[in-house]
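A closer look at the structure
Letter by letter, the chains look like this.
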2 protein chains.
Amino acid sequence: MNQKNNKELILQSALELFYEKGYEGVGVQEIATRAGVTKPTLYYYFKSKYGLLESLLETKYPAILDALDEAERTSDSFSDKLLKVASEYIRVALNDKQFFYIMLGLQYSPRQSEGHRAIESYNHRMFDLFTQIFEKQNVYLGNMNGRQEQFAIGFMGILNYYILVYYERNQDDNLPVVTDAEIFSLVHQFMHGIFS
Amino acid sequence: MNQKNNKELILQSALELFYEKGYEGVGVQEIATRAGVTKPTLYYYFKSKYGLLESLLETKYPAILDALDEAERTSDSFSDKLLKVASEYIRVALNDKQFFYIMLGLQYSPRQSEGHRAIESYNHRMFDLFTQIFEKQNVYLGNMNGRQEQFAIGFMGILNYYILVYYERNQDDNLPVVTDAEIFSLVHQFMHGIFS
DNA sequence: CATTTTATATACCGATTGGTATACTGTTAT
DNA sequence: ATAACAGTATACCAATCGGTATATAAAATG
C-alpha cells in the first residue's frame, strides 16, 4: 500500500545517491533528506553509513548471483552456458543500472577503503561463479587445463567493459535494448577470436 | 639536488593518497601534511583540489598515451601490434601501479563526479588509440568491418580486468613480473579464442 | 489500562571539509 | 638601496562530516 516504508525509502535514496555521487561523495544527511526522513531515523535502521552500504549490497547482490548461477546450471552445451550467463549478466546491467554501476565502482575503489571492503566477498563469489563455468567444462575438454581463471578474467573483462562503454554512450536513463545478436557476437568473439 | 621541490612533493603525496583512499576519500590537509607543507602552499601551486587532480593526470597520462602510440606505430604485423601494445600497457600498469589504479578508479567513478570529469577526455583518447589498431587493420582485412570498436572493447576489457585481478592477488607492493608467455597467452586468447 | 517496544524528530557534538585573508621571508631585478 | 616577486606560514572561515543524547508519539503487548 501507500503507507510509507522508511527503511526502503532510505535504501532507494542511498541507491540513487551512491550511483550519482559515489559512496564517499555523498553525505548521510543528503541521503536522509532525499528519503524524506531525518538522520536519526536512518541511524535507527542502519547502524552506520557503512552499514547502510552493506544492507544495500545484501539486498540486491545475492539475487544477481542466484540468477547467474541458475543461468549456468540450466544450460546444456558449453557455448549455451556462456551465452546464457552473458545474457543474464547484461540483462541485470540494464535492468538494474544504478546498482550495477555502484558494484563496478566499488570494485575499482581503493583496497583500503570502506567501499572496497564491503564489495570484496561478493566479488570473489562472482569470480568463482565465472571460473566454475570453465572448471566444469574442463572435465570434458582437456585443452583449458590451468587456464580456467584466465578465461574467466577474459570473459568478465569483456562483459564489464562492454557494459561500461554502453553506459557511457547512453547517458539518458532510457537504455536501448542489447539485441541477442550483439550478445552472441560478444560471446562468439570470446570463444573463437576475432578472425571469423 | 636535495633542495626541496614542494610542487613535486605535493604531486607525489597526492598520487599516494589518491591511490590509498581515492580522490573523494582524501582531504587537502592530509595531502599537504604528507608532503611536509601547509595548505596555502598547496593552493599556491594548484588552484583547487580538482586542479591538483588535473595536474596529476596531465603529468603522467600523456606519456602513457605516447608510449602506447609508439608501440602501435613501430610494430609491423597485426599480431605483433597487439602484442606490443598489450606488453606496453601491462608494463605501465606494473611500473606505475599507483597512477594506473587511480586511472581505473576514476573511469568507474560516477559520471557527474569531479573525478570522472577529469579523466573523461583521456579515456576517449585511450579508447580511440585502441580502436585505431583495428581500424588500420581493416584496410587489409575485410572481416572486421564495423566491429573495430567491439574488438577494442574486448581487448581493453581483457587487459584491464587482468590487471585488476593481478593487483588483487599481489597486495604487497613488490609486484612479480608478468612474463612474455603470459602476455602472449592473453593476446592469443583474444585473437583466436579459447579453443587452442 | 499500564507498560513496553517501535519509530520518529529536535537539537546538538567534535572533527574535518575545501578554501582564504594576511603577513612574512628570501631572492631577483631595477 | 629599493621595489617587485615568488614562496611559505599563522590563523581563520562557513559548511559539512558521521554520529548521538534526549524527548515524544504511536502501536503492540501484558
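Parameters at a glance
- Residues numbered from 1 in each chain as written.
- Chains lettered and ligands numbered in written order.
- Predicted model: local features only at pLDDT ≥ 70, side-chain atom pairs only at ≥ 80, totals over all residues.
- Heavy atoms only, no water.
- Helix = DSSP H or I, 4+ residues; strand = E, 2+ residues; numbered from the N terminus.
- Buried < 20%, exposed > 50% of the residue type's maximum accessible area, 1.4 Å probe, protein only.
- Contact = heavy atoms within 4.5 Å.
- Areas by Shrake-Rupley, 256 points an atom, 1.4 Å probe, with all protein chains shown as cover.
- Lys, Arg positive; Asp, Glu negative; His and termini not counted.
- Charge placed at Lys NZ, Arg CZ, Asp CG, Glu CD.
- Core = buried A, V, L, I, M, F, W, Y, C linked by side-chain atoms within 4.5 Å.
- Near = heavy atom within 4 Å.
- Polar contact = N/O pair within 3.5 Å; in protein donor to acceptor, adjacent residues only side chain to side chain.
- Nonpolar A, V, L, I, M, F, W, Y, C, P; charged D, E, K, R; others polar.
- Domains from an automatic or database assignment.
- Buried area = accessible area lost by both parts, 1.4 Å probe.
- Phe/Tyr/Trp six-rings, centres within 6.5 Å; stacked < 30°, edge-to-face > 60°.
- Lys NZ or Arg CZ within 6 Å of the ring centre and 35° of its normal.

Now for the overall build of chain A. From N to C terminus, chain A includes nine helices and zero strands. Counting from the amino terminus, helix and strand elements in chain A follow one another as α-α-α-α-α-α-α-α-α. Counting only C-alpha atoms, chain A reaches 60 × 35 × 35 Å along its principal axes. For chain A, the proportion of its 196 residues judged to be buried stands at 55%. Nonlocal contacts in chain A, meaning residues at least 24 apart in sequence, comprise 65% of its contacts between residues at least 6 apart. Summed over all atoms, the accessible surface of chain A reaches about 8900 Å², with 49% contributed by carbon and sulfur. Of the side chains in chain A, 19 bear a positive and 25 a negative charge, and the two mean positions are spaced by 5 Å.

Among the nonpolar cores identified, the biggest contains 146 residues, and A:Phe130 and B:Phe130 are the most heavily contacted of them. The contact partners of A:Phe130, leaving out residues within four places of it in the chain, are A:Leu68, A:Val85, A:Tyr89, A:Ala152, A:Phe155, A:Met156 and A:Leu159.

As a structural note, the neighbourhood of DNA strand C is formed by 14 residues, with A:Asn6, A:Tyr45, B:Val28, B:Lys39 and B:Tyr43 the closest of them. Backbone atoms, meaning sugar plus phosphate, form 57% of the atoms of DNA strand C positioned within 4 Å of the protein. One of the backbone nitrogen or oxygen atoms of B:Val26 is found 3.2 Å away from a phosphate oxygen of DNA strand C. For the surface near DNA strand C, the secondary structure elements donating two or more residues are helix H3 (39-45) of chain A together with helix H3 (39-45) of chain B. Looking at the surface near DNA strand C element by element, the count peaks at four residues for H3(A). Taken together, the residues of the surface near DNA strand C break down into seven nonpolar, five polar and two charged.

To continue, consider the domain arrangement of chain A. Residues and elements named next belong to chain A. According to the domain assignment, chain A contains domain 1 (1-47) and domain 2 (55-195). Look at where the C-alpha atoms of domain 1 and domain 2 centre, and you get two points 28 Å apart. On the side of domain 2, 13 residues touch domain 1, which itself brings 10 residues to the contact. Of the roughly 940 Å² buried where domain 1 meets domain 2, counting both sides, 72% is carbon and sulfur surface.

A complete count under the given rule lists 33 aromatic pairs over all chains for this structure. An aromatic cluster of three or more residues is present, and its members are A:Phe78, A:Tyr89, A:Phe100, A:Phe130, A:Phe134, A:Phe151, A:Phe155, A:Phe190 and B:Phe195. The aromatic ring of A:Tyr23 is capped on one face by A:Lys49, whose charged end is 4.5 Å from the ring centroid. We note A:Arg111 situated over the ring of B:Tyr101; from NZ or CZ to the ring centre the distance is 5.8 Å.

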